[in-house]
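Structural description and commentary
Here are the chains, one letter per residue:
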Amino acid sequence: MDAIFKALADPTRLTLLDSLKQTDGQTLQQLQGKLDMTRFGVMKHLGVLEDAGLIVTRKVGRFKHHYLNALPLQDAIDRWIDPYRVKPAARAVLDLKSKLEGTEPMTDKPDFMMQTYIRCTQDALWDALLSDQAHAAYNFIANRVKREGAALTYYRPDDSAMLIMRETKTEPKSRIETTFEPQWVPDAPASRVVYLIAAQEDFCQLTVEHYDITPGFEGAADGWARTISGLKTWLETGNSAKFAPPMG
């Protein structure tokens, strides 16, 4: 937690985070262009942010792309803000994201990435990502999720369909590829999501990659932050957790 607050205390690092919030997945050269600073200086600031877990990187070809990671900030808010209700809408302004190296090389870069660590078994995490009952327990808004074959359909509280995700490829206990088909906009194009699981001692590393996000659907990042926070809480405590956005 100290590393997060230290990283956020510098205005240059806040500028870098703001830049990535506007355009995720930028290279060092792109980020340097936003600052009156040497390449080495920008690299040092990015190193501090990466050490704090606020950004993660993926190398595609010769270029290293930088992504925001919402979950460390979400943890800080849960610990320091929400209990005292200092800023009830704080989560709504956190559209920060992230990513980690995948298990397979890919030629395209994700539009959004997020990484977290969950104290659970690999089997438990795998089952939680495939079970419709589990999704209903931690998805931030869906009160019902139904599986039909390879498809999971998420339903809003009024029982209208919100989202369909169809598994297209799985590697047992390590990787799930799925479509992301929004139902809240008629004829909205599908994008694709990859879940990556890596067991590490008594916990698991989970990375979420979202590709081909249609312009106008960037708000999916906030939904991912809320859903994965709910997944982590549910697996670690056994209690259903829904981090819904503030009403009003």
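Notes on the structure in this doc start here.

What counts, and at which threshold
- Residues numbered from 1 in each chain as written.
- Predicted model: local features only at pLDDT ≥ 70, side-chain atom pairs only at ≥ 80, totals over all residues.
- Heavy atoms only, no water.
- Buried < 20%, exposed > 50% of the residue type's maximum accessible area, 1.4 Å probe, protein only.
- Helix = DSSP H or I, 4+ residues; strand = E, 2+ residues; numbered from the N terminus.
- Pairing = 2+ DSSP bridges.
- Arc of directions from axis to C-beta.
- Axes fitted to C-alpha atoms, helices over the stretch in contact; angles between N-to-C directions.
- Contact = heavy atoms within 4.5 Å.
- Core = buried A, V, L, I, M, F, W, Y, C linked by side-chain atoms within 4.5 Å.
- Salt bridge = Lys/Arg side-chain N within 4 Å of Asp/Glu carboxyl O.

We now examine the pairing of strand β7 (residues 175-182). Of all eight residues making up β7, eight are buried, and the element is well covered by its neighbours. Taking every second residue as pointing to the same face, both faces of β7 are buried, with Arg175, Glu177, Thr179 and Glu181 on one and Ile176, Thr178, Phe180 and Pro182 on the other. In this sheet, β7 lies alongside strand β6 (residues 161-171) in antiparallel orientation, the contact comprising six bridges. Bridging across to β7, Glu167 finds its partner in Thr178. Linking two consecutive strands that pair antiparallel, namely β6 and β7, is a turn of three residues; a positive phi of about 65° is found at Lys173 within it. Sheet topology places β7 next to strand β8 (residues 191-200); six bridges connect them, and they run antiparallel. Counterpart to Arg175 in the pairing with β8 is Leu196.

Before going further, it helps to spend a moment on helix α6 (residues 122-130). Residues of α6 that are buried: Leu125, Trp126, Ala128 and Leu129. Axial view of α6: buried residues confined to an arc of 165°, hence all on one face.

This next bit is on the sheet that holds β7. Taken in spatial order, the seven strands line up as β3-β9-β8-β7-β6-β5-β4 in an open sheet, and their pairing is antiparallel. Here the strands that pair on one side only, and so sit at the sheet edges, are β3 (112-118) and β4 (144-148). Between one strand axis and the next, the sheet turns through 20° on average, direction left out of account. Strand contacts of α6: β3, β4, β5 (151-155), β6, β7, β8 and β9 (203-211), with the helix running at about 165° to β8, the strand carrying the most contacts. In this fold helix α8 (residues 220-237) packs onto β3, β6, β7, β8 and β9, with an angle of close to 15° to the strand it touches most, β3.

With that settled, the discussion passes to the nonpolar core. Leu125, Leu129, Tyr195, Leu206, Trp224 and Leu231 are the most contacted members of the largest nonpolar core, which has 36 residues in total. Ignoring anything within four residues of it in the chain, the contact list for Leu206 reads Met114, Gln115, Thr116, Ile118, Leu125, Leu129, Tyr195, Leu196, Ile197, Ile228 and Leu231. Within the second largest apolar cluster, 15 residues are counted, among which are Ala7, Leu31, Ala52 and Leu54.

Glancing now at the pattern of salt bridges. Applying the stated criterion to the full structure yields eleven salt bridges. Measuring nitrogen to oxygen at the nearest pair gives 2.4 Å for the salt bridge that ties Arg58 to Glu209. With Arg58 in strand β1 (residues 55-60) and Glu209 in strand β9, this pair connects stretches of sequence that are 151 residues apart. Since its relative accessible area comes to 2%, Arg58 is described here as buried. With its nearest N and O atoms 2.8 Å apart, the salt bridge here joins Arg166 to Glu181. Note that Arg166 is positioned in strand β6 and Glu181 in strand β7, a separation of 15 residues in sequence. Look at Arg166 and you get partly exposed, because its relative accessible area is 38%.

All quantities given are derived from atomic positions and should not be read as evidence of function.
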